[in-house]
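Analysis of the macromolecular model
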Amino acid sequence: MRRRLRLGPRGLIGIAIAAVAIITVIGARWSGDTRFAPGAAAPLDLVQLLGGDPDGFEQALERRDFRFPFDHGPHPDFRSEWWYYTGNLESEGGRQFGFQLTFFRLGLGPRSTQRVSAWATRQAYLAHFSLTDLDAERFYSYERSARGALALAGATAAPFRVWLDDWEARGETARQLWPTRLRARGRDAAIDLALDEGKPLVLQGDAGLSRKSDAPGNASYYYSYPRLPVSGSIAVQGVRYEVRGAAWMDREWSTSALGPGQVGWDWFALQLSDDREIMFYRLRRSDGSADPVSAGAWVDESGAAHRLSSGDVELQALAHWTSPRTGARYPIRWRFRIPAKGLDLEISTPMPGQEVTQSVRYWEGAVRVTGVEGARTIAGQGYVELTGYD
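Here's a quick rundown of the structure.

Let's shift gears to the overall build of the protein chain. The number of helices and strands found in the protein chain is three helices and 24 strands. A buried classification covers 57% of the 390 residues belonging to the protein chain. For the protein chain, long-range pairs separated by at least 24 residues make up 61% of all intrachain contacts whose partners lie at least 6 apart in sequence. Counting every atom, the protein chain has about 15700 Å² of accessible surface; 48% of that belongs to carbon and sulfur.

Next up, the structure:
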């Protein structure tokens, strides 16, 4: 029986985003600010369209030794990977913003086949850029895609760079990842940000092997930089703001991850006011329950990471928002508890309308954190990603 390929957090987006598949076949390039409107065709379910065995690509089967700076660059032996940047920013006048800049690489076939044309490539790239103007309650979202040929798009490890046209994440030195410059521009919004070295790298899961289901190979290699100082500028509707804040970077590569019965995930990246961080992804099953392989980590003040299992976290949705564009109903406020630590948080978004409606549909937005740990008051900020709610 033919198996359906399912990818995990970020991987489902990475593969689905290959609505690029059409673009990569014809060798074209596209950019724009797409919108989903009543009566329009819905974003494609390319998990089904591109389903099949992962033959020819490697899978994340066991722990590996990470090598840097090599692993900051592309891994073409795997089907997909992504460089994810999110963050919360504040202008000199106190105006608050959130941003997301993500680059996806999708392998169209194993690289063993030799092709000699300069146009030939086994790689497609897609990028998403979103900016949330929290004070004005405006959300801007843009998408670009291109073939990984003729320097239209690509990635390198040393010097570090991942780019699509003039959108890029670029290391400022030859061998070091930090500082990294992020640049992206859409019709009404743009960012030009410098990310400096902050908390050390965290290997997520089992020393970097992040399992998403019980089946062998349904996993990714995953590391994060959970707190990065940010400075630079943004532009909204032609007005420029000097900003500062904190960012989070996620890196994953994989070939397959989600298993039967898993329909989506809720991913949390939280930066607490006491210099600790929490990452947790709740994999949802078709009956609405949490899959036992849901997992995460909390990072202490020194940068040491401590694993979280599904049983360590209690997560309850307290409020929902229904998208007027797509009809998808998303949770937008949660109670997040780690009973063993006495941690009891409420996570909420100041702006529900942060739904990305590009070639694939999901919710990705800035959130705020309040709560307690024992007798101590806790605050914070972060980003949440929600998929599978349509």
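Read on for the rest.
Its place among the elements puts Thr322 in strand E19 (residues 314-322). Judged by relative accessible area, Thr322 falls into the partly exposed class, the value being 45%. Thr322 sits 31 residues away from Gly353 along the chain, and the two C-alpha atoms are 9.1 Å apart.

Turning our attention to the pairing of strand E7 (residues 161-164). With four bridges connecting them, strand E6 (residues 153-156) and E7 associate as antiparallel partners. Its bridge partner being in E7, Thr156 is matched across the sheet by Arg161. The antiparallel hairpin formed by E6 and E7 contains four residues in its connecting segment. Examined bridge by bridge, E7 and strand E8 (residues 167-171) share four bridges and lie antiparallel to one another. Residue pairing across strands places Val162 opposite Ala169, the latter belonging to E8.

Okay, the packing of aromatic side chains next. Taken as a whole and assessed by the stated rule, the structure comprises 19 aromatic pairs. Where Phe78 meets Tyr221, the ring centres are 5.9 Å apart and the plane angle is 85 degrees; that geometry is what we call edge-to-face. Here the residue Phe78 occupies a position in the loop between helix H3 (46-49) and strand E2 (80-91), and Tyr221 occupies one in strand E13 (residues 219-236), the gap between them amounting to 143 residues. With a relative accessible area of 5%, Tyr221 lands in the buried category. Relative to Tyr330, the ring of Trp321 has its centre 6.3 Å away and its plane inclined at 20 degrees; by these criteria the two rings are stacked. Neither residue differs from the other here; Trp321 and Tyr330 are each classed as buried. In this structure, Arg64 packs its charged tip against the face of Tyr221, placed 5.3 Å from the ring centre. In this arrangement the basic side chain of Arg67 is found over the ring face of Phe70, its NZ or CZ atom lying 4.3 Å from the centre.

The rules behind these values
- Residues numbered from 1 in each chain as written.
- Predicted model: local features only at pLDDT ≥ 70, side-chain atom pairs only at ≥ 80, totals over all residues.
- Heavy atoms only, no water.
- Helix = DSSP H or I, 4+ residues; strand = E, 2+ residues; numbered from the N terminus.
- Buried < 20%, exposed > 50% of the residue type's maximum accessible area, 1.4 Å probe, protein only.
- Contact = heavy atoms within 4.5 Å.
- Areas by Shrake-Rupley, 256 points an atom, 1.4 Å probe, with all protein chains shown as cover.
- Pairing = 2+ DSSP bridges.
- Phe/Tyr/Trp six-rings, centres within 6.5 Å; stacked < 30°, edge-to-face > 60°.
- Lys NZ or Arg CZ within 6 Å of the ring centre and 35° of its normal.

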